[in-house]
Amino acid sequence: MTTTLLAIGDLHLGRLPGGLPDDLADHDLAPRDLGPVAALERVVDEALARGVDAVLLAGDVVDQDNAFFEALGPLERAVTRLVEAGIAVLAVSGNHDATVLPRLVRAVDGFRLLGADGGWETVPVGAPDAGGLLVVGRSFPDRTAGPVPVDEIARMLPPGERPVVGLLHADLDAGPKSPYAPVLRTDLARAPVDLWLLGPIHQPSAGLPDGPPGSLGSVTPLDAGERGARGAWIVERDEAGVLALSRLAVAPLRFEQVEVDVAALVDGAEDAVLAAVQACASGLEPAARESLRALGCRVVVRGATGDPARARRVLDELQPERLRLARDGLLLFVESFACEIVPAIDLERLAAGHDPLGVLARCLQGLERGDVPEALATDARRLLEDVARRARAAGLPPCTFDDGEVVARLRAAGFSLLEKLLASREDSP
Ligand SMILES: [Mn+2]
């Protein structure tokens, strides 16, 4: 006998995904078909098809505490189908659903919340001592929660050799003052738990049971910034009691980033963009492709050209509603463009000069090599974060900048300045 679990991270029922084209209806799709409700249906289909022993939900099942009614119908349907098939449904609440999830658990038969009072609670799954395992979890007692009492797990676990799976929504590696259940990964790794299934980080990072505790990630992307594979996870306990974790495709939507060379763009913009999007879709693993109904691509146009202004014009003139492909029930669309076109300039020659152009050219050469002066990177990051803060205050979606993004923006700004300096030099008598 062995035991199989299907686990999901942040689902956020009640939210519709952002970054979708507004002509979805022309392709017989609605935002709801591409969001958490559709992903949950797929989770149930997979759980039934695989005959798993339990479905585990790691918090933020519901987007907001006022989304009771949006969440009730889909959760009731899902839990009823699972429970009728003899599959246990175990959840912990997160910061988003700390008060609504206990109400939903009371309203839906067979739905079980672990550690509703903030204490650890254990549930055996499968036959004890015959291929089963133990799930230990703890919910957010309220919208905020103090540090996770990891040490208590060792004290309350019953003695036995079954593997232990931990289910938790917590602020990973945050300082002790975080109001969202802060916990250190190193402390989680030391606990007598063989595998942690964690929310709320939407970027999935779950890995091998022996590796550092990682996040399950969002089940399906909630905005265009959530790129790459999302989905559910399968936990299998083998005869020897060893746990293995693998991905399970359930997301109806995926966002990716593709690149188009500026030369191809100038030759035939629409064809070049659609070819890149199509190649992205073809490159997906068949298993990842199977649950998908839409794939949205951010198209980055990159490369050097003698006439950057013309290339930018070509890009501006593209009509997004024409950039769609529908193939075998999968809609491919362009979500946004990023322009990283640079002028074809002999940087080496300019860098030999001692004028401002030379200084700028040397700086750009450094950026190309990945050699970024610390002070420049710090200043750029501070400015970008300031812009992001103001955008957030204006109601725009949050954005973050990794090191690569900071360098890309510095590079774009540098080339744009270089272009202007060159143009002004040509203009001067
Ligand atoms: Mn979340």
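Residues numbered from 1 in each chain as written. Predicted model: local features only at pLDDT ≥ 70, side-chain atom pairs only at ≥ 80, totals over all residues.

## A look at the overall build of the protein chain
Alright, step 1. Scanning the protein chain from N- to C-terminus turns up 13 helices and 16 strands.
Alright, step 2. Within the protein chain, buried positions represent 38% of all 429 residues.
Alright, step 3. Contacts in the protein chain between residues at least 24 apart in sequence constitute 73% of all its contacts with a sequence separation of at least 6. (Helix = DSSP H or I, 4+ residues; strand = E, 2+ residues; numbered from the N terminus. Buried ≥ 20, exposed ≤ 12 C-beta atoms within 10 Å, placed from the backbone. Contact = placed C-beta atoms within 7 Å.)

## Re the environment of P286
Alright, step 1. Considering the arrangement of structural elements, one finds P286 in helix α8 (residues 286-290).
Alright, step 2. Distance in space between the C-alpha atoms of P286 and A249 is 9.9 Å, their sequence separation being 37 residues.

## Brief notes about helix α2 (residues 68-84)
Alright, step 1. If you check α2, its first and last C-alpha atoms are 23 Å apart, about what 17 residues at 1.5 Å a residue would give, namely 24 Å.
Alright, step 2. Those residues of α2 lying buried are A71, P74, L75, A78, V79 and L82.
Alright, step 3. The inward-facing, buried residues of α2 abut α1 (36-50), β2 (54-58), β3 (88-92), α3 (100-107) and β4 (111-113).
Alright, step 4. Looking one or two residues beyond α2, the residue adopting positive phi is G86, at roughly 80°. (Expected span 1.5 Å × (residues − 1).)

## Some thoughts on the sheet that holds β3
Alright, step 1. Spatial ordering of the open sheet is given by β4-β3-β2-β1-β11-β12, a layout of 6 strands whose pairing is mixed. A strand with exactly one partner marks an edge of an open sheet, and here the two such strands are β4 and β12 (243-248). Adjacent strand axes in the sheet meet at a mean angle of 25°, parallel and antiparallel pairs treated alike.
Alright, step 2. Sheet topology places β3 next to β4; 3 bridges connect them, and they run parallel. In the strand pairing of β4, L90 is matched with R112.
Alright, step 3. The strands touched by α1 are β1 (3-8), β2, β11 (232-237) and β12; relative to β1, the strand with the most contacts, the crossing angle is about 175°. (Pairing = 2+ DSSP bridges. Axes fitted to C-alpha atoms, helices over the stretch in contact; angles between N-to-C directions.)

## Points about the sheet that holds strand β16 (residues 330-343)
Think of a sheet as strands paired side by side through backbone hydrogen bonds, with each pair either parallel or antiparallel.
Alright, step 1. Taken in spatial order, the 4 strands make up an open sheet running β13-β14-β16-β15, and their pairing is mixed. The two strands at the open ends of the sheet, each matched to only one other strand, are β13 (253-261) and β15 (324-327). Pairs of neighbouring strands in the sheet enclose a mean axial angle of 25°, with direction left out of account.
Alright, step 2. Across 4 bridges, β15 lies against β16 in antiparallel orientation. Following the sheet pairing, R324 is matched in β16 by F333.
Alright, step 3. Contacting β13, β14 (294-305), β15 and β16, helix α7 (residues 269-282) runs over the sheet at an angle of about 130° to β13.
Alright, step 4. Along the sheet, helix α9 (residues 308-317) makes contact with β14 and β16, crossing β16 at roughly 165°.

## What to know about the nonpolar core
Buried together is how nonpolar side chains tend to be arranged in soluble globular proteins.
Alright, step 1. Counting residues in each nonpolar core, the largest one holds 110 residues, and the members touching the most others are A7, V43, V55, L56, A58, L167 and L197.
Alright, step 2. If one sorts the elements of this core by residue count, α1 sits on top with 7 residues.
Alright, step 3. The contacts of V43, once residues within four sequence positions are left out, are L6, I8, V55, A232 and V250. (Core = buried A, V, L, I, M, F, W, Y, C linked by C-beta atoms within 7 Å.)

## Details of the pairing of strand β6 (residues 133-138)
Alright, step 1. Burial of β6 is extensive: 6 of the 6 residues sit out of reach of the surface.
Alright, step 2. Here β6 shows no split at all, with L133, V135 and G137 on one side and L134, V136 and R138 on the other all buried.
Alright, step 3. Of the strand pairs in this sheet, strand β5 (residues 121-125) and β6 are connected by 5 bridges, and their pairing is antiparallel. Across the sheet, V125 pairs through a bridge with L133, a residue of β6.
Alright, step 4. Note: β6 against strand β7 (residues 164-169), 5 bridges, orientation parallel. Each bridged residue has a counterpart across the sheet, and for R138 the counterpart in β7 is L168.

## Here we look at the domain arrangement of the protein chain
Alright, step 1. Assigned domains within the protein chain: domain 1 (3-248), domain 2 (252-344) and domain 3 (346-429).
Alright, step 2. Here the C-alpha centre of domain 3 lies 25 Å away from the C-alpha centre of domain 2.
Alright, step 3. At the interface, 4 residues of domain 2 touch 5 residues of domain 3.
Alright, step 4. Residue classes in the side of domain 2 that touches domain 3 are distributed as 3 nonpolar, no polar and 1 charged. (Domains from an automatic or database assignment. Nonpolar A, V, L, I, M, F, W, Y, C, P; charged D, E, K, R; others polar.)

## A short note on α9
Alright, step 1. Along α9, the positions that sit buried rather than exposed are P308, A311, V314 and L315. Along the axis of α9, the buried positions cluster into a sector of 120°, meaning they face one direction only. For α9, the exposed residues lying more than 90 degrees away from the buried face are A309, R313, D316 and E317. (Arc of directions from axis to C-beta.)

## Remarks on the packing of α1 against α2
Alright, step 1. The geometry of α1 relative to α2 is characterised by a closest axis approach of 10 Å and an angle of 0° between their N-to-C directions. In terms of axis orientation, α1 runs roughly parallel to α2. Within the contact between the two elements, α1 uses V37, L40, V44, A47 and L48 and α2 uses P74, A78, R81 and L82.
Alright, step 2. Along the lines of polarity and charge, the residues of the contact of α1 with α2 split into 8 nonpolar, no polar and 1 charged. (Parallel < 35°, antiparallel > 145°, perpendicular 65-115°, else oblique.)

## Details of the packing of α2 against α3
Alright, step 1. At a minimum axis separation of 11 Å, α2 and α3 run at an interaxial angle of 40°. What the angle tells us is that α2 and α3 run oblique. Here α2 and α3 pass one another in a crossing that is right-handed. Contact residues: F68, A71, L72 and L75 in α2; V100, R103, L104 and A107 in α3.
Alright, step 2. Residues belonging to the contact of α2 with α3 are distributed by class as follows: 7 nonpolar, no polar and 1 charged. (Left-handed = near helix turned anticlockwise from the far one by under 90°.)

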